[in-house]
Amino acid sequence: MAEPNRRHLLGLLAERDHTAGELVDSLPALTQPAVSRHLRILREVGLVEMRPDGQRRIYALKPDGLQRIDDWITPYRRYWRNHLDALEQHLENR
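Procedures and definitions
- Residues numbered from 1 in each chain as written.
- Predicted model: local features only at pLDDT ≥ 70, side-chain atom pairs only at ≥ 80, totals over all residues.
- Heavy atoms only, no water.
- Helix = DSSP H or I, 4+ residues; strand = E, 2+ residues; numbered from the N terminus.
- Expected span 1.5 Å × (residues − 1).
- Buried < 20%, exposed > 50% of the residue type's maximum accessible area, 1.4 Å probe, protein only.
- Arc of directions from axis to C-beta.
- Contact = heavy atoms within 4.5 Å.
- UniProt positions renumbered as here; feature names shortened; annotations may be inferred.
- Phe/Tyr/Trp six-rings, centres within 6.5 Å; stacked < 30°, edge-to-face > 60°.
- Pairing = 2+ DSSP bridges.

(A) Inspection of helix H3 (residues 32-44) at higher detail. With 13 residues, H3 extends 18 Å from end C-alpha to end C-alpha; this agrees with the ideal 18 Å at 1.5 Å per step. Listed in full, the buried residues belonging to H3 are Ala34, Val35, His38, Leu39 and Leu42. The arc enclosing the buried residues of H3, seen along the axis, measures out at 140°, which places them on a common side. Looking at the packing, one finds that the buried side of H3 touches helix H1 (4-15), helix H2 (20-25), strand E2 (48-53) and strand E3 (56-61).

(B) Here's a closer look at the UniProt feature "domain: HTH arsR-type" (unreviewed entry) in the chain. Taking the UniProt record as the reference, the feature "domain: HTH arsR-type" (unreviewed entry) is found at residues 1-81. Taken end to end, residues 1-81 is 62% helix and 17% strand, and its first and last C-alpha atoms sit 21 Å apart.

(C) Region of interest: the packing of aromatic side chains. Under the defined criterion, the tally for this structure stands at one aromatic pair. Geometrically, the ring pair formed by Trp72 and Tyr76 is tilted, given 5.2 Å between the ring centres and 45° between the ring planes. Taken together, the residues Trp72 and Tyr76, both in helix H4 (residues 63-92) and four residues apart, mark about one turn of the helix. By relative accessible area, which is 43% here, Tyr76 ends up partly exposed.

(D) A look at the pairing of E3. Relative to E3, strand E1 (residues 18-19) runs antiparallel, the two being bridged by two bridges. Along E3, the bridge assignment pairs His18 with Tyr59. Summarising the sheet, E2 and E3 pair through six bridges and their orientation is antiparallel. From the neighbouring strand, Met50 faces E3, where its bridge partner is Tyr59. Once E2 ends, the chain turns through two residues before running back antiparallel as E3, passing Gly54 with a positive phi of about 65°.

Put into structure tokens, the structure is as follows:
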């Protein structure tokens, strides 16, 4: 998730399913093998799934993988919410 190209791919897949070719085209600075590596990593960690469609590969977000991330980050939300609330109060008091 920390790698910007992977976040880019996840952002596209959050909008709709994409073919491998569309995803490669969305990152013109990377080669096809580089994009394939990013997609493989996202599949291996359970964030993306791939289904064949004839000779094309269709990629989609895998909701249960995103749920695991949400579950992991939940305890940290309180930390940020408290700090953002304190910042808001500080700015209001200025």
